Amino acid sequence: MISFGEYKGSIGKFYNEEPFDFLIYRPIAYLIVKLTYGLPLTPNHFSFLSILTSITAGLFLAMGTGQGFLWGGIGIVFFCVWDCCDGMLARMKKNGSMYGKYVDRVSDLFANTSFLLGAFIGFHKYQSGFSLIAISIPVCGVFILVHVATYQFYKNQMDCYLANNPAGQKRELENLEASYRRLKESQTQPFHVILLKTCLLFSKLQKEPKPIVEYDVGAYVKANKLILPLWGVLAGSTHLTIFAVALVVRQIEVYVVYALLFANLWAMLVFRIQRGANNKVRVVP
């Protein structure tokens, strides 16, 4: 039975969710999870489904045809839904794990690579030769990585402060490095080694103050409830939704302007707001 109370329990607060996930993809994902809840599915099944969808969408985009862009854009939307399903199922069945969290991170990185590589190849074909738009797509990919890493840093930091654990991100990175070293030295589970190494590389892209500054927990949470949604404008689902719509209507220039111009100007503006807010929050000695 569909329950609004259960749905609320399976998602985070608005300030701690990506805007497009909160407004569009999580409601759809909840219906899918409820319909499949009785099946022997785990969150990783949805993660691997999202990887398969991203490969399929990338292949459609690489065709370089109007139909290919249409189905590639639709595939990106389906990926965003599956990407919400794994976390929701984990919370509803209470069977989430740190390994599953790493699988989800890697599937996101893989998906973005598939989408952008497919689009890069496709637009070279579509425009028959040199294409400024096609050249711009890998540059957009770099900024996706930077924007998502920045958003994830502030989101993870908020999660840590909500758990009254200001140094949580640093400890998580230390635990990730230790797990990676142990698996590498044991020379077993090569897939897990690759998985952890990829997560390490992505984690180290994130903004990491050195030495770490710990703020008053209550004041930090209160200030950042208003700021975190501003970072959400740079989140992965925002990039992908605009990308998908631009592909479907064959106006990829819209996405390029968003990724290269608007998102970077927005990041600089929100960083100034963030720094100003943090300067007003008491630092714990």
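Read on for an overview of the structure. (Residues numbered from 1 in each chain as written. Predicted model: local features only at pLDDT ≥ 70, side-chain atom pairs only at ≥ 80, totals over all residues. Heavy atoms only, no water.)

## A short note on the packing of helix α2 (residues 19–36) against helix α4 (residues 66–93)
Here is step 1: For the pair α2 and α4, interaxial distance at closest approach is 8 Å and the crossing angle is 65°. The crossing of α2 and α4 is right-handed. In contact with D21, Y25, R26, I28, A29, Y30, I32, V33 and K34 of α2, α4 contributes V77, C80, V81, W82, C84, C85, M88, L89, R91 and M92.
Here is step 2: Taken together, the residues of the contact of α2 with α4 break down into 15 nonpolar, no polar and four charged. (Axes fitted to C-alpha atoms, helices over the stretch in contact; angles between N-to-C directions. Helix = DSSP H or I, 4+ residues; strand = E, 2+ residues; numbered from the N terminus. Left-handed = near helix turned anticlockwise from the far one by under 90°. Contact = heavy atoms within 4.5 Å. Nonpolar A, V, L, I, M, F, W, Y, C, P; charged D, E, K, R; others polar.)

## Things to note about the side chain of N264
Here is step 1: With respect to the element layout, N264 can be found in helix α11 (residues 252–279).
Here is step 2: Assessed through its relative accessible area of 17%, N264 is described here as buried.
Here is step 3: If near-sequence neighbours (up to four positions away) are discounted, N264 is found in contact with F143, H147 and A259. (Buried < 20%, exposed > 50% of the residue type's maximum accessible area, 1.4 Å probe, protein only.)

## Concerning a nonpolar patch on the surface
Here is step 1: The grouping of F14, L23, I24 and I28 at the surface amounts to a nonpolar patch, some 360 Å² of accessible area in total.
Here is step 2: Assignment of secondary structure puts F14 in the loop between α1 (4–9) and α2.
Here is step 3: Note on F14: relative accessible area 39%, which makes it partly exposed. (Patch = residues over 30% accessible without salt bridge, like charges linked within 9 Å, V, L, I, M, F, W, Y side chains within 5 Å. Areas by Shrake-Rupley, 256 points an atom, 1.4 Å probe, with all protein chains shown as cover. Salt bridge = Lys/Arg side-chain N within 4 Å of Asp/Glu carboxyl O.)

## Examining the environment of G68
Here is step 1: Along the chain, the position of G68 falls in helix α4.
Here is step 2: Leave out the neighbours within four places in its chain, and G68 touches F60, L61 and M63.

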